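Take a look at the letters that make up each chain.
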Amino acid sequence: MDHRMPPSRRAVLAAMAASALAGCAGPSGTARGGRAGGTPGPGAGSGGRSLTSRPAAAHTLTRSEVVARYGRLKPHTWGFGAPGTVRALPTRGAIALTFDACGGPGGSGYDHKLIDFLRRREVPATLFINSRWIDANPAVFRRLAREPLFEIANHGTRHRPLSVTGRSAYGIAGTHNAGEVYDEVAGNHLKLTRLLGSPPRFFRSGTAYCDDVAARIVTDLGERFVGFSVNGDAGATFTPAEVHHAVGSAADGSIVICHMNQPKGGTAEGISAAVPHLLAAGHHFVRLSDALH
């Protein structure tokens, strides 16, 4: 089957992606996914920061210390590109598939067909998992955490956009101040550290929105804020053909965002079609920690 799309079709998909972001309300929900503003090249970041630099070595700051350090600062940016955000890989030929599991009402499902496909094809991936999803799927989480094919990353405690002023994204209320940013990051950080035996290295907020002050807090808490360069499923609202086209068009160094918490969406079927296409084109897949040192 020819999966190429005419220019008019591509324009429609681009408009859809631009109007929505990787929320987790599901195919019938109001929070959806959106394409990052521009696709950075391999190794590109924001604010001139090297992708190979690492954040603080350990999670040491307390909530009161975060509030004292950042409570009076005013943010200057809002969106997908806060300074220090990782949006591409420095590794040539590599693509990172990342899958969010958002939790909460309408977002605690498990797309076993998607994960089973990755297992069969031995495709590594980074799974950004929210605290509420873990609580709803403890046995599944334990199995995923034991599999070297998958890397577990932090998708927050309550799946909130990361703001120090209360900004929202796609109808999802953000954190209101530096203390709430700490709660959103550190709550699930501590949970994952306890369950995994080691702290997670990467963080993505609910909706992937963040301001520059909140991004600095993430770094000070020992994690790296990860965005995306390819929106693979628009918050699990894309059809299989749309997922196939979006993911199958990924370039070298892309970080692809999709969802593993919406089994009724088109993600599993679309990924199953896109992965062989990318492999045949000479790409290979990595976990984020395989490419970001």
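Per chain, residues are indexed from 1 in the order of the written sequence. Reporting of local features is limited, given that this is a predicted model, to residues whose pLDDT is at least 70; pairs of side-chain atoms are given and counted only at 80 or more, and all residues count toward the totals for whole chains, interfaces and linings. With hydrogens and water excluded, all non-hydrogen atoms of the structure serve as input to the side-chain values.

A. Quick peek at the overall build of the protein chain. Assigned secondary structure in the protein chain consists of 10 helices and 10 strands. For every accessible area listed, the method is Shrake-Rupley and the probe measures 1.4 Å; residues are considered covered only by the protein chains on display. Carbon and sulfur atoms provide 52% of the accessible area of the protein chain, an area that totals close to 11800 Å². Secondary structure elements follow DSSP: runs of H or I of four or more residues count as helices, runs of E of two or more count as strands, with numbering from the N terminus.

B. A look at the pattern of salt bridges. Salt bridge, as used here, is a side-chain nitrogen of Lys or Arg placed within 4 Å of a carboxyl oxygen of Asp or Glu. Considering all chains together, one arrives at 9 salt bridges under this definition. Its salt-bridge partner being Lys191, residue Asp135 comes within 2.9 Å of it at the nearest N-O pair. Remark: Lys191 occurs in helix 6 (residues 178-196) and Asp135 occurs in helix 4 (residues 131-136); sequence separation between them is 56 residues. For every residue, the accessible area (1.4 Å probe, protein chains only) is compared with the maximum for its type, and the residue is labelled buried under 20%, exposed over 50%, or partly exposed between those bounds. The class for Lys191 is buried, based on a relative accessible area of 15%. Across the pair Glu147 and Arg143 runs a salt bridge whose closest N-O atoms are separated by 3.8 Å. For Glu147, a relative accessible area of 15% translates into the label buried. Shared partners join several salt bridges into a network, and the residues in it are Asp116, Arg119, Arg143 and Glu147.

C. Structural detail: the nonpolar core. Counting residues in each nonpolar core, the largest one holds 36 residues, and the members touching the most others are Leu97, Phe99, Leu118 and Ile271. The element best represented in this core is helix 9 (residues 267-280), accounting for 5 residues. Once residues within four sequence positions are removed from consideration, Phe99 is found in contact with Leu114, Leu118, Ala125, Thr126, Leu127, Phe128, Cys258, His259, Met260, Thr267 and Ile271. Here the nonpolar core consists of buried residues drawn from Ala, Val, Leu, Ile, Met, Phe, Trp, Tyr and Cys, with membership extended through side-chain atoms lying within 4.5 Å. The next biggest cluster of nonpolar side chains, apart from the first, holds 20 residues, and it includes Val66, Ala82, Phe203 and Ala215. Throughout, a contact is declared for two residues whenever any of their heavy atoms are within 4.5 Å.

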